[in-house]
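# Understanding the architecture of this molecule
Each chain, written out:
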Amino acid sequence: MPDLRPLVPGDEAALEAFLVQHVDSSMFLRSNLRAAGLVDEGGPYQATYVAAFEQGRIVAVAAHCWNGLLIVQAPVHTEAVARAAVERSGRARRFGIAGPYEQAARARDALGYSEHSVVGGGREKLFALDLPALRVPAPLASGQVSCRRSAPADIDRLARWRAAYSIELFARTPGPALDASSREEVARQHEDGNAFVLVAGEEPVSCTFFNARLPDAVQVGGVWTPPELRGRGHARAAVAGSLLSAREEGAARAILFTGAGNRAAIAAYEALGFELVGEYGLLLFGGA
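Please read all numbers here as calculations on a predicted model, not as lab measurements.

For the rest of this paragraph, the subject is the overall build of the chain. Within the chain, the regular secondary structure consists of nine helices and 12 strands. Compactness check: the chain gives a C-alpha radius of gyration of 19 Å against a globular reference of 19 Å for 288 residues, within 12% of the reference. The principal-axis extent of the C-alpha atoms belonging to the chain is close to 60 × 40 × 35 Å. Expressed as a percentage of the 288 residues in the chain, the buried residues total 53%. Contacts spanning at least 24 positions in sequence make up 69% of the contacts within the chain whose residues lie at least 6 apart. Taking the average location of the 29 positive side-chain charges in the chain and that of its 32 negative ones, the two points are 2 Å from each other.

Right under this line is the structure:
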């Protein structure tokens, strides 16, 4: 059996030293660690972390987060750290599992789920871009459209878009609970400066978010264009605009993942310069 133990304040440097060995697939963990540390009182970005140690060094970690998501970075001892994090946190596994795909699948099995339990997400393609190589779409470069951080007046619209996004991509159930959680999430991302709106004329036409952000890197998520406005390059311009802001603020790398079958999104991201670097798992369960 591996040497397993929960991580506590004071273990941050050891955890970061492990995670930076797996930079592209550790954005959630590194960003949450920076935002909330290793205390778990159920607040945003907090989690219960359990790590496996070999010769005094972390070789695997699982974090059961405030929102029910279990995040793994566990090339070894995946099942052990996944089970230990969930048991120690005591919170419901109501949301899902995220991490490098094969690890996420092993954690799923260890927790008693099957492939058929997954109602949203799945095997995702993981892409990365060195931001100096970002290719800016012509409509954005020419000023035909512009991208800005969200304003308070955008929150209602973005909450509606987030609910529609969750229904379309993750099979979430429409209704008051989804509306409330979407608004809460969007408001938090707005407050953190991680929400962006693409504007054509004076009308918002698309949005994108950073779902993880560090001084040196950002992770793109929640890209959404209403169906009636698709096919015009708005999503690509929104992502590019957000990445220009990140680059100006010192970030050097961008990460994102998208479904293997989402050909339109993959084509848009590759047009910006993103390159495939691996596979990611975002496995969402019923009741999420």
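Moving on, we come to the pairing of strand 11 (residues 253-259). Along strand 11, five of the seven residues are buried, which leaves the element largely enclosed by surrounding structure. Two strands pair when backbone bridges link them, and strand 10 (residues 217-224) and strand 11 are joined in this way by three bridges, in the parallel orientation. If you follow Ala217 over to strand 11, its bridge partner there is Arg253. At this point the chain moves from strand 10, through helix 8 (residues 234-248), to the parallel strand 11, and the crossover so formed is right-handed.

Quick look at the pairing of strand 10 now. Taken across its eight residues, strand 10 has eight buried, putting it largely inside the fold. With five bridges joining them, strand 9 (residues 203-213) and strand 10 adopt antiparallel strand pairing. Paired with Phe209 across the bridge in strand 10 is Gly221. Between strand 9 and strand 10, which pair antiparallel in sequence order, lie three residues.

Further remarks concern the packing of aromatic side chains. Counted by the stated rule, this structure contains seven aromatic pairs. Measuring from centroid to centroid gives 6.1 Å for Tyr269 and Phe274, while their planes differ by 70°, and the two rings are edge-to-face. When its relative accessible area of 10% is taken as the criterion, Tyr269 is described as buried. Grouping aromatic residues by their ring pairs yields a cluster made of Phe28, Phe257 and Tyr280. Between the NZ or CZ atom of Arg188 and the centre of the ring of Tyr45, over which it lies, the distance is 5.7 Å. Stacked on the ring of Trp224, the Lys or Arg Arg230 has its end atom at 4.7 Å from the ring centre.

A few words on the side chain of Ser150. Tracing the sequence through the fold places Ser150 in the loop between strand 7 (146-149) and helix 6 (155-170). Taking the relative accessible area as the measure of exposure, Ser150 reaches 12% and is therefore buried. In this structure the side chain of Ser150 is engaged in a polar contact, spanning 2.7 Å, whose partner is the side chain of His190.

Here we take up the side chain of Ser242. When you line up the elements, Ser242 lands in helix 8. Looking at Ser242, the relative accessible area reads 0%, which means it is buried. The contacts of Ser242, once residues within four sequence positions are left out, are Cys147, Phe196, Thr208 and Phe210.

All right, on to the environment of Ala265 then. Inspection of the secondary structure assignment puts Ala265 in helix 9 (residues 263-272). Once the C-alpha coordinates of Ala265 and Val223 are considered, the two residues, 42 residues apart in sequence, prove to be 9.4 Å apart.

Okay, helix 2 (residues 27-36) next. Among the 10 residues that make up helix 2, eight are buried, leaving the element largely enclosed by the rest of the structure. Taken as a whole, helix 2 has its buried residues at Met27, Phe28, Leu29, Arg30, Ser31, Asn32, Leu33 and Ala36.

Next up on the list: helix 3 (residues 78-89). Between its terminal C-alpha atoms helix 3 stretches 17 Å, which fits the 16 Å expected from 12 residues at 1.5 Å a residue. Taken together, the buried positions of helix 3 are occupied by Thr78, Ala80, Val81, Ala82, Ala84, Ala85, Val86 and Ser89. If you follow the buried residues of helix 3, they end up packed against strand 1 (3-6), strand 2 (47-54), strand 3 (57-65), strand 4 (69-73) and helix 4 (101-110). Just downstream of helix 3, Gly90 is the residue with a positive phi angle, here 75°.

Criteria and cut-off values
- Residues numbered from 1 in each chain as written.
- Predicted model: local features only at pLDDT ≥ 70, side-chain atom pairs only at ≥ 80, totals over all residues.
- Heavy atoms only, no water.
- Helix = DSSP H or I, 4+ residues; strand = E, 2+ residues; numbered from the N terminus.
- Rg over C-alpha atoms; globule rule 2.2 N^0.38 Å.
- Buried < 20%, exposed > 50% of the residue type's maximum accessible area, 1.4 Å probe, protein only.
- Contact = heavy atoms within 4.5 Å.
- Lys, Arg positive; Asp, Glu negative; His and termini not counted.
- Charge placed at Lys NZ, Arg CZ, Asp CG, Glu CD.
- Pairing = 2+ DSSP bridges.
- Right-handed = clockwise from strand over helix to strand, strands pointing away.
- Phe/Tyr/Trp six-rings, centres within 6.5 Å; stacked < 30°, edge-to-face > 60°.
- Lys NZ or Arg CZ within 6 Å of the ring centre and 35° of its normal.
- Polar contact = N/O pair within 3.5 Å; in protein donor to acceptor, adjacent residues only side chain to side chain.
- Expected span 1.5 Å × (residues − 1).

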